Amino acid sequence: MRGSAFFQRAFRTFQEHPTFFKLLIVSTVSGGGLLTFSDASPFQGLITESSQNDGKKKKVVVLGTGWAGTSFLKNLKSSSYDVQVVSPNNFFAFTPLLPSVTNGTVEARSIVEPIRNIVKKKPYNVEFKEAECYEIDPVNKKVYCRSNQSSTLDGIEEFTVDYDVLILAMGARVNTFNTPGVEEHAHFLKPGKEILKPRLDLTLQEVGDAQRLRKSIIDCYERASLPSVSEEEKKRVMHFVVVGGGPTGVEYAAELHDLAFDDMAKLYPSAKDYLKITLLEAGDHILNMFDKRITTFATEKFQRDGIDVKTGSMVVKVSDKDISTKERKTGEIVSVPYGVVLWSTGIATRPVVRDFMNRIGQAKRRVLATDEWLRVEGCEDVYALGDCATINQRKVMEDIAAIFRKADKTNTGALDLKDFKEVVRHICERYPQVELYLQKNKLKSFDALLKNVQGDDKKQIDIETFKKALSEVDSQMKSLPPTAQVAAQQGEYLAKCFNRKELCEKNPEGPLRFRTSGQHQFHPFRYRHFGQFAPLGGEQTAAQLPGDWVSIGHSAQWLWYSVYASKLVSWRTRMLVISDWSRKFIFGRDSSKI
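Below: a short report on this structure. Owing to the predicted nature of the structure, the values given are computational and were not obtained by experimental measurement.

Cut-offs applied
- Residues numbered from 1 in each chain as written.
- Predicted model: local features only at pLDDT ≥ 70, side-chain atom pairs only at ≥ 80, totals over all residues.
- Heavy atoms only, no water.
- Helix = DSSP H or I, 4+ residues; strand = E, 2+ residues; numbered from the N terminus.
- Buried < 20%, exposed > 50% of the residue type's maximum accessible area, 1.4 Å probe, protein only.
- Contact = heavy atoms within 4.5 Å.
- Areas by Shrake-Rupley, 256 points an atom, 1.4 Å probe, with all protein chains shown as cover.
- Pairing = 2+ DSSP bridges.
- Axes fitted to C-alpha atoms, helices over the stretch in contact; angles between N-to-C directions.

## Some details on the overall build of the chain
Regarding its fold elements, the chain presents 20 helices and 28 strands. In the chain, which comprises 594 residues, the proportion classed as buried is 48%. Partitioning the contacts of the chain with sequence separation of at least 6, the portion at a separation of at least 24 is 62%. Counting only carbon and sulfur atoms, one obtains 52% of the accessible surface of the chain, whose full area is about 30400 Å².

## Considerations on the sheet that holds strand β18 (residues 333–337)
The strand order β16-β17-β18 describes an open sheet built from three strands, whose pairing is antiparallel. The open sheet has two free edges, formed respectively by β16 (313–318) and β18, since each of these has just one partner strand. Neighbouring strand axes in the sheet, compared pairwise and without regard to direction, differ in orientation by 30° on average. With five bridges joining them, β16 and strand β17 (residues 322–327) adopt antiparallel strand pairing. If you follow Val318 over to β17, its bridge partner there is Ile323.

## Considerations on the sheet that holds strand β27 (residues 540–545)
A sheet is described by the order of its strands in space; here three strands give the open sequence β26-β27-β28, paired in antiparallel fashion. The strands lining the two open edges of the sheet, one partner per strand, are β26 (532–537) and β28 (549–553). Pairs of neighbouring strands in the sheet enclose a mean axial angle of 10°, with direction left out of account. In terms of strand pairing, β27 meets β28 through five bridges, oriented antiparallel. Note that in β28 the partner of Thr541 across the bridge is Gly553.

## Let's talk about the pairing of strand β8 (residues 142–147)
In this structure, strand β7 (residues 125–137) lies alongside β8, joined through six bridges in antiparallel fashion. Note on β8: the bridge partner recorded for Asp137 is Lys142. Connecting the antiparallel pair β7 and β8 is a turn made up of four residues, with Lys141 showing a positive phi of about 55°. Bridge count for β8 against strand β9 (residues 158–162) is five bridges, and the pairing is antiparallel. Following the sheet pairing, Tyr144 is matched in β9 by Thr160.

Printed below as a string of structure tokens:
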């Protein structure tokens with residue numbers, strides 16, 4: 001009877017809800033087991049509904065797996081997107097340690113993490129394609145790509161990817177300033193040139209360049225050790241030239257000095273007498289973005305170590321054996337022989353990004369311009385992060401009348417200080433230069449800024465007084481530096497915006513719109529500077545941290561070790577890098593060409 005009642009109830013339920021019902025025929029078989037038969041899935045309707053939702057998911061295409069792109073992928077947690085990643089590298093490289101790779105302190109494999117390892121457990125759907133983007137069509141929302149597989153594989157693979165949202169995180173290439181011979185003969189720690197051809201050369205990648213540079217250094221030592229090589233040739237091949245006195249150039253020169261005197265002098269005793277390291281800088285001093293105390297210490301330390309620092313020297317030509325420089329003070333052109341040249345002189349826009357800029361009306365700009373929410377100006381549903389873009393911060397004076405009108409709710413043309421209370425926070429958030437101006441002039445609040453020009457005798461502020469108060473604010477506007485720290489924060493910020501998109505569409509959390517009504521959907525991006533390091537060799541580092549705090553010496557070196565180990569992308573790379581550092585202390589640096 002119980003079984004009959006069960007089937008009667010099951011049949012009635014099936015008639016009422018056929019889509020969601022799973023019919024089970026249960027009978028006892030010998031051995032006490034259960035035999036079941038499924039007529040339909042209990043989640044059939046839910047699966048259909050889910051499939052329909054999947055079809056409505058926005059397709060997000062990420063170009064690049066550098067700091068910005070990887071940071072976005074790591075922090076994206078919403079399952080509302082289908083993500084496709086296109087990059088010539090199937091890994092993320094911890095680029096601040098590339099100078100250590102060139103000198104054998106750290107192995108190349110220790111600083112890279114496969115991108116598929118990073119995204120394999122994410123809640124969103126993700127596909128990765130190892131290819132180079134060579135054209136972006138913002139009108140039809142298409143990205144044209146070409147695979148960069150080895151020439152041993154047959155066929156040229158070209159394909160097109162459609163997108164709803166495009167994220168440009170392609171980084172930049174090194175700026176050669178069109179100096180003759182640089183692309184042909186110099187080494188880079190960023191891609192120095194891009195040749196869009198059916199099969200791209202993988203050695204143009206940053207890690208490949210670092211390994212190639214390391215091999216070239218060992219080649220010079222081996223050649224200088226041959227008995228048949230002349231004295232002049234030994235002096236030439238043992239002359240290592242670093243062009244660019246920024247953090248990368250200085251760190252590489254310091255690492256090269258440590259390699260030469262800590263390790264190679266013991267292994268190549270006959271070559272050490274010919275060694276010469278030269279650091280060329282076109283400006284007045286090296287590390288010009290650091291505090292003067294750091295610049296002075298670095299210059300003096302390099303002089304003590306025997307590194308020849310030449311400031312005011314601009315490279316005008318590089319041949320296969322000589323590098324020519326023009327002295328800024330005298331105009332004299334000097335040509336000196338060299339063995340290896342590292343070129344580290346800033347960044348330039350990639351050709352595909354430059355072509356995209358021409359399409360959207362940004363041809364006259366140096367890099368892509370975005371707003372404070374990282375959206376590319378003049379292009380819908382396209383974001384740009386990292387070295388390939390810069391934030392075009394709005395000037396206060398452009399919106400001064402709109403700001404005044406927003407505060408003047410009674411339309412009297414004159415305001416009391418209390419009228420600004422509702423908009424002051426929005427002004428400071430929308431225009432960060434206001435806060436910088438207040439800090440520089442030691443003004444505690446926006447009210448204090450207005451009182452400075454208002455005077456004690458005036459109780460109200462008119463539009464002219466308001467303009468006068470903010471007339472110098474825009475002078476504090478500064479572009480963000482093209483660093484890994486900026487790119488990583490931008491990727492994290494954009495991912496959080498995507499995670500909160502549905503919530504913020506209903507409840508905007510950003511500042512007021514001064515020219516129109518309502519609020520911006522998100523808070524604008526704000527960069528937080530956590531400091532910067534300049535390794536100077538000999539287990540000494542210069543650290544410049546927020547609050548004008550400067551530390552130079554061995555303690556800063558251990559801080560450098562701690563910070564870099566914590567910033568590595570995975571526990572696997574942390575363990576590998578720490579083991580490489582330990583190996584260096586115990587056994588020295590590896591001098592093989594592998």
